Amino acid sequence: MYLSNHPTKEEASKYVASLIINRINTFEPTQNRKFVLCLPTGSTPLLVYKELARKCEGGEISFEHVITINLDEYVGLSSDHPQSYYQFMEENFDIPSNQFHLLPGLPIPPHTTPQESCASYESLITSLGGIHLLFMGIGENGHIAFNEPCSSFRGRTRVVKLNEGTRKVNARFFDDPSEVPRHALSMGVGTIIDSQEIVVLAIGQKKAEAVRKAMEDGVNHLCPASALQLHEKVILVTDDEASQNLR
Ligand code: F6R
């Protein structure tokens, strides 16, 4: 795992945006093969998405040959629910609707269960030819997507139970903490590490311990992000606060 540290979250986010732009701009699309970019929600990617939008307006990047695919979604929230990740992407990432994919919080016919939606998402990733670049954040407890501690490193997209700590942290987005869903649909660690390249952004002091465990402790199921040590092309991008516990 390669570390790229920057003094501030602004600089770290600009670095991630420039990396994404570089990978898209150096990709040679064909009629059948677009650049497949996997994206997160949450607080971490906000400045990256702003920078990408700015560069798009400035003509430095185009998403014409890009397909985006998201890491996760809450079970039970419809796509028009204000806290759904679908709404988050609508608000923060401007790409035509036929080029972006999210796991559905409520099954979309012909699927009738979240499990069917998950299986179909795995098939979608395969039909797109796999993920070229996966961008994600990291949870305070070391989770990646919604793979909480003790998740299998071979896990595929599935329904997961959210850890109470994660529900508490995410309660800041909801009017009432009891509204935070108890389950999510999430790409598995196995799905994530099948990506060709992974960039993880960690900003703020609250992520410092997760960053240390992911990088410096051995590969351990108690810290799902440590599975990234098994991948040959991972860049962990930090600001000074998130990297403060590294030796
Ligand atoms: C979100 C996701 C989560 C977040 C993580 C950090 O799509 O997959 O793993 O990346 O919970 O959240 P923030 O960025 O809000 O600190």
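For every chain, the first residue of its written sequence is number 1, and the numbers climb from 1 along that sequence. Given that this is a predicted model, residues contribute local features only at a pLDDT of at least 70 and side-chain atom pairs are listed and counted only at 80 or more, while totals for whole chains, interfaces and linings are drawn from all residues. Excluded from the side-chain calculation are hydrogens and water; included are all heavy atoms of the structure.

**Q** Lay out the pairing of strand S10 (residues 234-239) in plain terms, naming residues and giving numbers.
**A** Strand residues, when the strand is regular, have side chains that alternate between the two faces of the sheet. In terms of burial, S10 is largely enclosed, as 6 of its 6 residues are buried. Criterion used throughout: strands pair if DSSP finds at least two bridges between them. The helix and strand labels rest on DSSP assignments: H or I over at least four residues marks a helix, E over at least two residues marks a strand, and numbering proceeds from the N terminus. As defined by bridge partners, strand S1 (residues 2-6) adjoins S10 across 5 bridges and the pair is classed as parallel. Within S10, the residue paired with tyrosine 2 across the bridge is isoleucine 235. Pairing analysis gives 5 bridges linking strand S9 (residues 197-202) to S10, with the strands arranged parallel. Paired with valine 199 across the bridge in S10 is isoleucine 235. With strands facing away from the observer, any crossover in which the path from the first strand over the helix to the second runs clockwise is taken as right-handed. Following the chain from S9 across helix H7 (residues 208-216) to the adjacent parallel S10, one finds a crossover that is right-handed. We call a residue buried when its accessible area falls under 20% of the maximum for its residue type, exposed when it is over 50%, and partly exposed in between, using a 1.4 Å probe and counting protein chains only.

**Q** Talk me through the site of the ligand; I want residue IDs and the actual numbers.
**A** Not every one of the 13 residues close to the ligand is listed here, only the nearest: Thr44, Asp72, His143, Ala145 and Lys207. Think of a polar contact as two N or O atoms within 3.5 Å of one another; within protein, one of them needs to be a possible hydrogen donor and the other a possible acceptor, and neighboring residues in sequence only count if both atoms come from side chains. At a separation of 2.4 Å, an oxygen atom of the ligand approaches a polar side-chain atom of threonine 44. Aspartate 72 places a side-chain nitrogen or oxygen 2.6 Å from an oxygen atom of the ligand. Throughout, the Shrake-Rupley method with a 1.4 Å probe supplies accessible areas, and for residues the shown protein chains are the sole cover considered. Considering the ligand on its own, with 410 Å² of exposed area, one finds that the protein chains cover 93% of that surface. By residue class, the composition of the shell around the ligand is 4 nonpolar, 6 polar and 3 charged. Nearness of a residue to a molecule or strand requires only that one of the residue's heavy atoms be within 4 Å of it. Only Asp, Glu, Lys and Arg are considered charged in this grouping, and only Ala, Val, Leu, Ile, Met, Phe, Trp, Tyr, Cys and Pro are considered nonpolar; every other residue, Gly among them, is considered polar.

**Q** Got a sec to walk through the pattern of salt bridges? Specific residues and values, please.
**A** Put simply, a salt bridge is a Lys or Arg side-chain nitrogen that is within 4 Å of an Asp or Glu carboxyl oxygen. Applying the stated rule across the entire model yields 12 salt bridges. The partner of aspartate 194 in a salt bridge is arginine 156, and the shortest N-O contact between them spans 3.0 Å. Taken together, the residues aspartate 194 in the loop between helix H6 (189-193) and S9 and arginine 156 in the loop between strand S6 (133-136) and strand S7 (158-161) connect sequence positions 38 residues apart. Arginine 167 serves as the salt-bridge partner of glutamate 164, at 3.0 Å between the closest nitrogen and oxygen. In this pair, glutamate 164 and arginine 167 both sit in helix H5 (residues 164-170), 3 residues apart, roughly one turn of the helix. Judged by relative accessible area, which is 45%, glutamate 164 ranks as partly exposed. Judged by relative accessible area, which is 6%, arginine 167 ranks as buried.

**Q** Residue-level account of a negative patch on the surface, with values.
**A** On the surface, Glu10, Glu11, Asp240 and Glu241 cluster together into a patch of negative charge. Looking at where glutamate 11 falls in the secondary structure, it is placed in helix H1 (residues 9-25). With a relative accessible area of 39%, glutamate 11 lands in the partly exposed category. Residues qualify for a patch when their relative accessible area is over 30% and they have no salt bridge, like charges being joined within 9 Å and the nonpolar side chains of Val, Leu, Ile, Met, Phe, Trp and Tyr within 5 Å. Only four residue types enter the tally: Lys and Arg on the positive side, Asp and Glu on the negative side, with His and both chain ends excluded. Charged groups are reduced to one reference atom each: NZ for lysine, CZ for arginine, CG for aspartic acid, CD for glutamic acid.

**Q** For the packing of aromatic side chains, give the residues involved together with the corresponding values.
**A** Pairing of aromatic rings covers Phe, Tyr and the six-membered ring of Trp, with a centre-to-centre limit of 6.5 Å; geometry is then stacked below 30 degrees between planes, edge-to-face above 60, and tilted otherwise. Taken as a whole, this structure holds 10 aromatic pairs when the rule is applied. Ring geometry for tyrosine 49 versus phenylalanine 88: centroids 6.5 Å apart, planes at 65°, classification edge-to-face. Of the two residues, tyrosine 49 is situated in helix H2 (residues 46-57) and phenylalanine 88 in helix H3 (residues 85-92); the sequence distance between them amounts to 39 residues. Considered together, tyrosine 49 and phenylalanine 88 belong to a single accessibility category, that of buried residues. Judged by centre distance (5.5 Å) and plane angle (40°), the ring pair of tyrosine 86 and phenylalanine 100 falls under tilted. Of this pair, tyrosine 86 sits in helix H3 while phenylalanine 100 sits in strand S5 (residues 100-101), and the two are 14 residues apart along the sequence. By relative accessible area, which is 27% here, tyrosine 86 ends up partly exposed. The exposure class assigned to phenylalanine 100 is buried, which follows from its relative accessible area of 10%. Of the aromatic side chains, those joined through ring pairs into one cluster are Tyr49, Phe63, Phe88, Phe93 and Phe135.

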